[in-house]
Amino acid sequence: MKTNNRNIRTGDLIFFPPTGIVGKIISIVTWSKYCHVALAVVDDKGEIWLREYREFGCREVLLDVAEYEWGFKKDQHIDIYRCYGMGKYAAEFAAEKMLSFPKDYGYFHFLWIAFYMLFWRKITKHFVKKECDKHTPTCSEAVCRSFRETVGIDLIPGIPDRLTSPGDLIRAKKLYQVN
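Residues numbered from 1 in each chain as written. Predicted model: local features only at pLDDT ≥ 70, side-chain atom pairs only at ≥ 80, totals over all residues. Heavy atoms only, no water.

Q: Explain the overall build of the protein to me, please; I cannot follow it from the model alone.
A: Along the backbone of the protein there are six helices and six strands. In the protein, which comprises 179 residues, the proportion classed as buried is 53%. Summed over all atoms, the accessible surface of the protein reaches about 9,200 Å², with 60% contributed by carbon and sulfur. (Helix = DSSP H or I, 4+ residues; strand = E, 2+ residues; numbered from the N terminus. Buried < 20%, exposed > 50% of the residue type's maximum accessible area, 1.4 Å probe, protein only. Areas by Shrake-Rupley, 256 points an atom, 1.4 Å probe, with all protein chains shown as cover.)

Encoded structure:
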């Protein structure tokens, strides 16, 4: 199902529902109806691109291509969230920052997050530094880091960037749903 793309602006967070077994596991473990998040970039021609981290690493892809690859079922679609008070230039800067992170996807890091979400969230968050630039990020960490490192917005205060999930992001008080 195609999304009404007229509402999307640069810097918007685009959330994807699970369509496969891995996505369903992510959704269950993170207590969310989403398993993936990307940042939108609208170019001068009005085309919507996504900056995202997936199993093949960091990439830029047209939204239409990403929706096709995702293989939505009839009742599935992306959801769009926006940060309160985020101006156009700040959003562009945050989206650009994602390209500076390590290019690979953090499989080991993903397993750590799953373990953390299932068993040790209350205990381990105190032992993880917020700023960890050397490891490869997951999709939600890349989004959180790009906002924090460029415009100083901590989307999820109290949870280190490297331990965030799509479920944490949709519960963030600094975001609101557009569609």
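Q: Sorry, what's going on with the nonpolar core here?
A: The nonpolar side chains of a soluble globular protein tend to be buried with one another. Of all hydrophobic cores here, the largest spans 29 residues; its most connected members are Leu-13, Val-143, Phe-147, Leu-155, Leu-169 and Leu-175. When residues in this core are grouped by element, the largest group, five residues, is from helix 5 (residues 139–151). If we skip the residues at most four places from it in the chain, Leu-13 touches Val-37, Ala-38, Leu-39, Asp-79, Ile-80, Tyr-81, Val-143, Phe-147, Leu-155, Leu-169 and Leu-175. With 16 residues, the next largest nonpolar core counts Ile-26, Ala-38, Leu-63 and Trp-70 among its residues. (Core = buried A, V, L, I, M, F, W, Y, C linked by side-chain atoms within 4.5 Å. Contact = heavy atoms within 4.5 Å.)

Q: Explain the side chain of Ser-27 here, please?
A: When you line up the elements, Ser-27 lands in helix 1 (residues 21–29). On the basis of relative accessible area, Ser-27 is assigned to the buried category, the value being 10%. Once residues within four sequence positions are removed from consideration, Ser-27 is found in contact with Pro-18, Ser-32, Lys-33, Tyr-34 and Cys-35.

Q: For this particular structure, what's the right way to read the sheet that holds strand 1 (residues 13–16)?
A: The strands making up a sheet associate through backbone hydrogen bonding, with each pair oriented either parallel or antiparallel. Within the open sheet, the six strands sit side by side as 4-3-2-1-5-6. Their pairing is antiparallel. Bordering the open sheet on either side are strand 4 (57–62) and strand 6 (175–177), each of which pairs with just one other strand. The sheet shows a mean angle of 30° between the axes of neighbouring strands, direction not considered. With respect to the sheet, helix 2 (residues 63–70) is in contact with strand 1, strand 2 (36–42), strand 3 (48–54) and strand 4, its orientation differing from that of strand 4 by roughly 110°. In this fold helix 3 (residues 88–97) packs onto strand 2 and strand 3, with an angle of close to 125° to the strand it touches most, strand 2. (Pairing = 2+ DSSP bridges. Axes fitted to C-alpha atoms, helices over the stretch in contact; angles between N-to-C directions.)

Q: Got a minute to help me understand the environment of Gly-57 in this structure?
A: As for its placement among the helices and strands, Gly-57 is situated in strand 4. In this structure the C-alpha to C-alpha distance between Gly-57 and Thr-138, which are 81 residues apart in sequence, comes to 9.0 Å.

Q: What is the right way to read unusual backbone geometry from this model?
A: Most peptide bonds take the trans configuration, and most residues that are not glycine carry a negative phi. With a phi angle near 55°, Trp-31 is a residue other than glycine that sits in the positive phi range. Tracing the backbone through its elements, the reader meets Trp-31 in the loop between helix 1 and strand 2. Taking relative accessible area as the criterion, Trp-31 reaches 52% and is therefore assigned exposed.

Q: Help me understand the pattern of salt bridges, please; the structure alone is not making it clear to me.
A: Where side chains of opposite charge bring their charged atoms close, a pairing between them can arise. Scanning the model with the defined rule gives twelve salt bridges in all. Linking Asp-12 and Arg-82 is a salt bridge whose minimum nitrogen-to-oxygen distance equals 2.7 Å. With Asp-12 in the segment before strand 1 and Arg-82 in strand 5 (residues 79–83), this residue pair connects regions lying 70 residues apart in the sequence. By relative accessible area, which is 9% here, Arg-82 ends up buried. (Salt bridge = Lys/Arg side-chain N within 4 Å of Asp/Glu carboxyl O.)

Q: Explain the side chain of Gln-76 here, please?
A: Residue position: Gln-76 is located in the loop between helix 2 and strand 5. Take Gln-76: its relative accessible area is 12%, and that puts it in the buried class. Separated by 2.7 Å, the side chain of Gln-76 and the backbone oxygen of Pro-18 make a polar contact. (Polar contact = N/O pair within 3.5 Å; in protein donor to acceptor, adjacent residues only side chain to side chain.)

Q: Sorry, what's going on with the packing of aromatic side chains here?
A: Each aromatic ring pair is specified by the distance between its two centres and by the angle formed by the two planes. A full pass over the atoms with the stated rule returns six aromatic pairs. Taken together, a centroid distance of 5.0 Å and an interplanar angle of 45° make the contact between Phe-15 and Tyr-34 tilted. In this pair, Phe-15 is assigned in strand 1 and Tyr-34 in the loop between helix 1 and strand 2, connecting sequence segments 19 residues apart. In this structure, Phe-15 and Tyr-34 share a single accessibility class: buried. (Phe/Tyr/Trp six-rings, centres within 6.5 Å; stacked < 30°, edge-to-face > 60°.)

The values reported here are purely geometric and, on their own, carry no functional implication.
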